[in-house]
Amino acid sequence: VAEEVETCIHSLLHRQEEETEALSFGNTSLELSTGMLRCGMKHVQLSAKEFEILRLLFQSGRKNLSKETILQKDTDAVENNVEVYVGFLRKKLARTGSNVRISSIRRMGYHLEVQAGEL
């Protein structure tokens, strides 16, 4: 019985580790340990700044993330950089076939959406 409990605990811990190694939204995942953006069999390596911005977006999901919040998290960034990196991320999401889109609302910020008609 003790061995069964130990096996069960080990299995649960292993599953929990796997869940925290990536963030997912729509059909896309962001691997936290490698900075890799994955959608199905396609993947692309993100730069450090792209990774940080996309990680913040994945964590906030459909809630707006203001440009100021992104800038606070990255002290090296300047306002124009956020827009540039969001542009890069939009292209990389499209290139992998992701159904995730980065939407922006003027003066409100950015958020993620799953493209209409897709889950």
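Okay, so let's go over this structure.

Cut-offs applied
- Residues numbered from 1 in each chain as written.
- Predicted model: local features only at pLDDT ≥ 70, side-chain atom pairs only at ≥ 80, totals over all residues.
- Heavy atoms only, no water.
- Pairing = 2+ DSSP bridges.
- Helix = DSSP H or I, 4+ residues; strand = E, 2+ residues; numbered from the N terminus.
- Salt bridge = Lys/Arg side-chain N within 4 Å of Asp/Glu carboxyl O.
- Buried < 20%, exposed > 50% of the residue type's maximum accessible area, 1.4 Å probe, protein only.

Side note on the pairing of strand β1 (residues 22-25)
Reasoning step 1: One ladder, built from four bridges, connects β1 with strand β2 (residues 28-31); its direction is antiparallel. Counterpart to Ser-24 in the pairing with β2 is Ser-29.
Reasoning step 2: Two successive antiparallel strands, β1 and β2, enclose a turn made up of two residues, where Gly-26 displays a positive phi of approximately 60 degrees.

Quick notes on the pattern of salt bridges
Two side chains with opposite charge may pair up if their charged atoms get near one another.
Reasoning step 1: Counted according to the given criterion, the structure contains four salt bridges.
Reasoning step 2: Across the pair Arg-38 and Glu-31 runs a salt bridge whose closest N-O atoms are separated by 2.3 Å.
Reasoning step 3: Residue classification places Arg-38 among the partly exposed positions, given a relative accessible area of 28%.
Reasoning step 4: Two residues, Glu-50 and Lys-92, come together in a salt bridge whose shortest N-O distance is 2.8 Å. Of this pair, Glu-50 sits in helix α2 (residues 48-60) while Lys-92 sits in helix α4 (residues 79-95); the two residues are 42 residues apart in sequence, bridging distant segments of the chain.

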